[in-house]
Amino acid sequence: MPPEPTEEGRWFAEHLLVHEPQLRAWLQSRFGSNVPVNDVIQEAYLRVLRSRQTEAVNAPKAFLFATARNLALNAARSAKVRGEHFSGSLDDTELLDESANVRETVAHYEELEILTKAIQSLPDRCRQIFTLRKVYGLSQTDIARKLAISPRTVNAQLAIGLNKCADFVGKFCEKGSA
C-alpha cells in the first residue's frame, strides 16, 4: 500500500505538477534543444518548493513559469559562453535582469492570469469581440464586418465585456484581500 501523501505533496500535485505539460511545451517552443528542459523543470520545482518553505506562494503557476524561464535563460546564456551553438536569439531584452524584483515579476504574471480568467469568463460572442478588439487591435468597424454584425452590437458587446471583466477582477481582488 503506498504511503499517504503529505500536505506538501498534495500542494505540489495540485499547484505545480498540473502545469508541467504546458510548461514543458512552452520551454521547448521557446528554447528547443538549446536547454535541458527536464533539468530546468526539476530545478524550477525545487526552487518553488524551497521558496514556499519560507513564505507563501500566492501565484504558484506564475512563480513556476518565471523561475523556469530564468533558469532556461541562464542555461542558454551559459551554453553560449561555452561556445555551444544556440539557434535562438538571446538579445539583452530577453536575458534575466538580475536587478528585477522577483515579486514584481510574479505579481505581473498573476495579474495576467487574472485578466485571462476574466476574459475566459465572458460569453462566447462577447469574448470573441473583446479579444478581436483588445488583443488583436481590430477596429470596431472591422470587427462588425468580419462577424457580419452591426457596429452598434460590437460597441454594446465591448461595453459588456469591459464591465464584466472589471467586475471579475474586482471580485477576485476582494477575495484576495479578505
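Here the structure is a predicted model, which means the values were calculated and not measured. Each chain carries its own residue numbering, running from 1 in the direction its sequence is written. Note on the predicted model: pLDDT of at least 70 is required for a residue's local features to be given, and 80 or more for side-chain atom pairs to be given and counted; whole-chain, interface and lining totals, by contrast, use all residues. Side-chain measures were taken over the full set of non-hydrogen atoms in the model, leaving aside hydrogen atoms and water.

(A) Representation of the side chain of S51. Every helix listed is a DSSP run of H or I at least four residues long, and every strand listed is a run of E at least two residues long, numbered separately from the N terminus. Tracing the sequence through the fold places S51 in helix α3 (residues 37–54). Each residue's exposure class comes from its accessible area (1.4 Å probe, protein chains only) as a fraction of the maximum for that residue type: buried when under 20%, exposed when over 50%, partly exposed otherwise. Take S51: its relative accessible area is 18%, and that puts it in the buried class. Once residues lying within four places of it in the same chain are set aside, the contact partners of S51 are V57 and F63. Residues are treated as being in contact if the distance between any of their heavy atoms lies within 4.5 Å.

(B) A look at the nonpolar core. What is meant by a nonpolar core is a set of buried Ala, Val, Leu, Ile, Met, Phe, Trp, Tyr and Cys residues, joined one to another through side-chain atoms within 4.5 Å. Membership of the largest hydrophobic core comes to 23 residues, with the highest contact counts inside it found for L16, L23, L27, F31 and L64. At 8 residues, helix α4 (residues 60–81) tops the list of elements feeding residues into this core. Within the second largest apolar cluster, 13 residues are counted, among which are I129, F130, L147 and V154.

(C) Structural detail: the packing of helix α1 (residues 7–15) against α3. A fitted line through C-alpha atoms serves as each axis, taken over the contacting stretch for helices, and the angle formed by two N-to-C directions is quoted from 0 to 180°. Two elements in contact, α1 and α3, have axes separated by 12 Å at closest approach and are oriented at 130 degrees. For the element pair α1 / α3, the angle class is oblique. The two elements α1 and α3 cross, and the hand of that crossing is right-handed. Of the residues in α3, those touching α1 at E7, E8, W11 and F12 are Y45, V48, L49, R52 and Q53. Basically, the charged four are Asp, Glu, Lys and Arg, the nonpolar ten are Ala, Val, Leu, Ile, Met, Phe, Trp, Tyr, Cys and Pro, and anything else, Gly included, counts as polar. For the contact of α1 with α3, the per-class residue count stands at 5 nonpolar, 1 polar and 3 charged. Our angle categories are set so that under 35 degrees counts as roughly parallel, over 145 as roughly antiparallel, 65 to 115 as roughly perpendicular, and the remainder as oblique. A clockwise turn of the near helix away from the far one marks a right-handed crossing, whereas an anticlockwise turn of less than a right angle marks a left-handed crossing.

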